[in-house]
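Structural features, examined
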Amino acid sequence: MGAGWHKKCHSASGHPTRGPTLARTKEAVLQAPTLFDDAPSDAIVTPKQSSRTKGAKGSKKTTAKGGRRASAADMAAKQRDISVSEFFTKNRHLLGFDSPLKALLTTVKEAVDNSLDACEEAGILPEIAVEISQTGDKTYRCAVEDNGPGIIDTQIGKVFGKLLYGSKFHKLSQTRGQQGIGISAAGMYGQLTTGKPVLIRSRTGKRKDSHEFLLTIDTVRNKPEIHDSKITDWDKDHGTRVEIEMEARYQKGLRSVDMYLKQTAIANPHLTLHFTDPAGETVTYERSSKKLPPETIEIKPHPHGVELGRLISMLKETDCRSLSGFLQEEFSRVGATVAKKIITVAGKGLTAKSYPTRIAREEAAALHKAIETTKISSPSTDCIAPIGDELMLQGLKKELEADFYVTATRPASVYRGNPFQIEVGLAYGKPGGVGLELTDEGRIRKKDKAKAATEDLVGQMDEPIRVMRFANRVPLLHQGSGCAITKAVTQTNWRGYGLTQPRGALPLGAMAVMVHIASVWVPFTSESKEAIASYEEIMKEIKLGLQECGRKLGIYIRKGKRLKREYEKRNYIEKYIPHIGIALQEILEISDKQRDDTVETLEDVLHKSRKF
């Protein structure tokens, strides 16, 4: 607080007061009527009066010492429900719409993720078109079109015009979307910044009508407002197209729409993707595989991942009439033997025939503790669909030009009862590597001139390596420093594998690292789904995957260094072989042809004797 504040708040005697607008004595009040010209006479207070003053109904309450400014009734009258749409309207940064540049990326991301999920669930090889066009100085139109199963007309309004509406939140199987927020929030952002509605066109089959909707979100009630709906002609047999106009900014770079789509093509080799930028240039990422990811099977919660409050709710909501049946029906990996063991350990008078809905909190706490101490098999991994070593390698080779590739897939593990699997891939070196190769005859020669490496993904030798983070095949481009993947890469000792690494930082080198986590529920740090929480189990598996790839990388780097040293040594020796031939010719008095044959023989002996 500044000196001016202290001057105003202290009397001449040095004692603190409540400020210049409050009367200190009755005489002071009477001498300064201009402060209370509009106030009733009974509103004037003195230190001797009661701390509660009388006033007009609904007026603010005041005391000699500052007192209450509003009554409990006044505060109660101001309280009301908050719609989830209204909340995210004021806090859109939580969803990834904190800047025009990032808003465009988030919109594309949410629409593409939904399209991929829909296509895979329907068993359709996805083909997606993304179009971005500039409509004003600061406004862009983003359109995403897919060949998925489409959306029935009665559901279009809720899917695109209501937050927290979807089918994936309670589904324990791997999906890209989780919360039912993304695409609705993108439409809400467009509505806030341009005032224009979202255009949706969808068709569910060749013999079905194509429906077109124009809608906005009623943020107070979290409901869609449909402004127009009609049947239109569309040349697609089935699919969905969404167009959103918004305040945005487009630019290329490591965190751009272009980079997101490139990385999406790497993690989804079964996808054909067309992208048209604001300049009208079109890039197509062709699929390298016609094999869809394996279908995931929904599983029930694992007992070790259920907290006490959730267990109490499940006990109240279940239809099972016995505790043993409840444990077997509501959880995965719990059979009759395991259920009996849990109930015995729990005690508290619980039996296999105890009625679940009548179990009290203390008994539920004992049951929860028994579950934690009982050894239960890990959950099934049929609910997740990792990319796989072969397809991940294809994706890296298709989109990154490098000299060395390696991938590793860790066995499935569990955090908080949720199964997950970590996959790691490396692409190292500019094409051509050290520029040398070893022939079958044992000779070391220079390679043909290498092609230029893909920009941005594989950097220069003196730059930090690129880290590509993926969760359920979705690229994560923002909040890298707070993500478990980046932390695990930084904490890995890359010096042991031949790279230079500053303390507490990413290693330096021409390398791109790809880390993918596949899980039924990815623990994102925020609703914008940009970084993964640093659970101990997840960090451990990522580090083990990185170390597995690192060992193979170290072998390759050391071999390249040995090859380069050997090439330099041989070149040094080869400089003197012609001089040896000339000396032998003078000593032995041999012909020029014999001299040349001798030199060639000496070179062959050099390469064969110095085996690599």
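Each value, and the rule that gives it
Residues numbered from 1 in each chain as written. Predicted model: local features only at pLDDT ≥ 70, side-chain atom pairs only at ≥ 80, totals over all residues. Heavy atoms only, no water. Pairing = 2+ DSSP bridges. Helix = DSSP H or I, 4+ residues; strand = E, 2+ residues; numbered from the N terminus. Axes fitted to C-alpha atoms, helices over the stretch in contact; angles between N-to-C directions. Buried < 20%, exposed > 50% of the residue type's maximum accessible area, 1.4 Å probe, protein only. pLDDT = per-residue confidence, 0-100. Contact = heavy atoms within 4.5 Å. Phe/Tyr/Trp six-rings, centres within 6.5 Å; stacked < 30°, edge-to-face > 60°. Lys NZ or Arg CZ within 6 Å of the ring centre and 35° of its normal. Salt bridge = Lys/Arg side-chain N within 4 Å of Asp/Glu carboxyl O.

**Quick word on the sheet that holds strand β2 (residues 139-146)**
On the basis of which strands lie adjacent, the open sheet formed by 8 strands has the order β5-β4-β3-β6-β2-β1-β7-β8 and mixed pairing. Among the strands making up the open sheet, the edge pair consists of β5 (223-232) and β8 (282-285). When strand polarity is set aside, the average angle formed by the axes of neighbouring strands in this sheet is 15°. Judged from the 8 bridges that link them, β2 and strand β6 (residues 239-247) form a sheet pairing that is antiparallel.

**Describing unusual backbone geometry**
Even without being a glycine, R333 presents a positive backbone phi close to 65°. In this fold, R333 is placed in the loop between α10 (323-330) and α11 (336-346). Its relative accessible area of 44% is what places R333 among the partly exposed residues. Residue E589 is not a glycine yet carries a positive backbone phi of 55°. Looking at the secondary structure, you find E589 in the loop between α16 (577-588) and α17 (592-609). Looking at E589, the relative accessible area reads 72%, which means it is exposed.

**Concerning the confidence of the model for the protein**
Per-residue pLDDT for the protein has a mean of 79; in total, 79% of the residues score no lower than 70. When mean pLDDT is taken per element in the protein, strand β1 (residues 127-134) scores highest with 94 and helix α2 (residues 26-31) scores lowest with 42. For the stretch residues 449-455, pLDDT sits under 50, and the model shows 12 contacts to residues farther than four places along the chain or on other chains.

**Observations concerning the packing of aromatic side chains**
Scanning all chains against the criterion turns up 7 aromatic pairs. Here F97 and Y189 contribute two aromatic rings whose centre-to-centre distance is 5.2 Å and whose plane-to-plane angle is 25°, an arrangement assigned as stacked. Separated by 92 residues along the polypeptide, F97 in the loop between α4 (84-90) and α5 (100-122) and Y189 in helix α7 (residues 182-194) bring together distant segments of the chain. Of the two residues, F97 and Y189, both sit in the buried class. Pairing F404 with Y556 gives two aromatic rings, centres 4.6 Å apart and planes at 15°, and the pair type is stacked. Remark: Y556 occurs in helix α15 (residues 536-574) and F404 occurs in strand β9 (residues 404-409); sequence separation between them is 152 residues. The buried category is assigned to F404, whose relative accessible area is 15%. For Y556, a relative accessible area of 23% translates into the label partly exposed. Put simply, the rings of F404, Y428 and Y556 pair up and form one aromatic cluster. In this structure, R201 packs its charged tip against the face of W234, placed 5.9 Å from the ring centre. Just above the ring of Y355 sits the side chain of R358; from NZ or CZ to the centre is 5.0 Å.

**Points about the pattern of salt bridges**
In this structure the tally under the stated criterion is 22 salt bridges. Across the pair R141 and E243 runs a salt bridge, and its minimum N-O distance is 4.0 Å. Of this pair, R141 sits in strand β2 while E243 sits in strand β6, and the two are 102 residues apart along the sequence. Among the residues examined, R141 registers a relative accessible area of 31% and is labelled partly exposed. A salt bridge links K262 to E399; the nearest nitrogen and oxygen atoms lie 4.0 Å apart. Residue K262 is found in helix α8 (residues 257-267), and its partner E399 is found in helix α13 (residues 389-399); the two are separated by 137 residues along the sequence. Exposure remark for E399: the relative accessible area of 9% places this residue in the buried category. Residues participating in the shared-partner salt-bridge network are E131, R141, E145, K196, K236, R241, E243 and E245.

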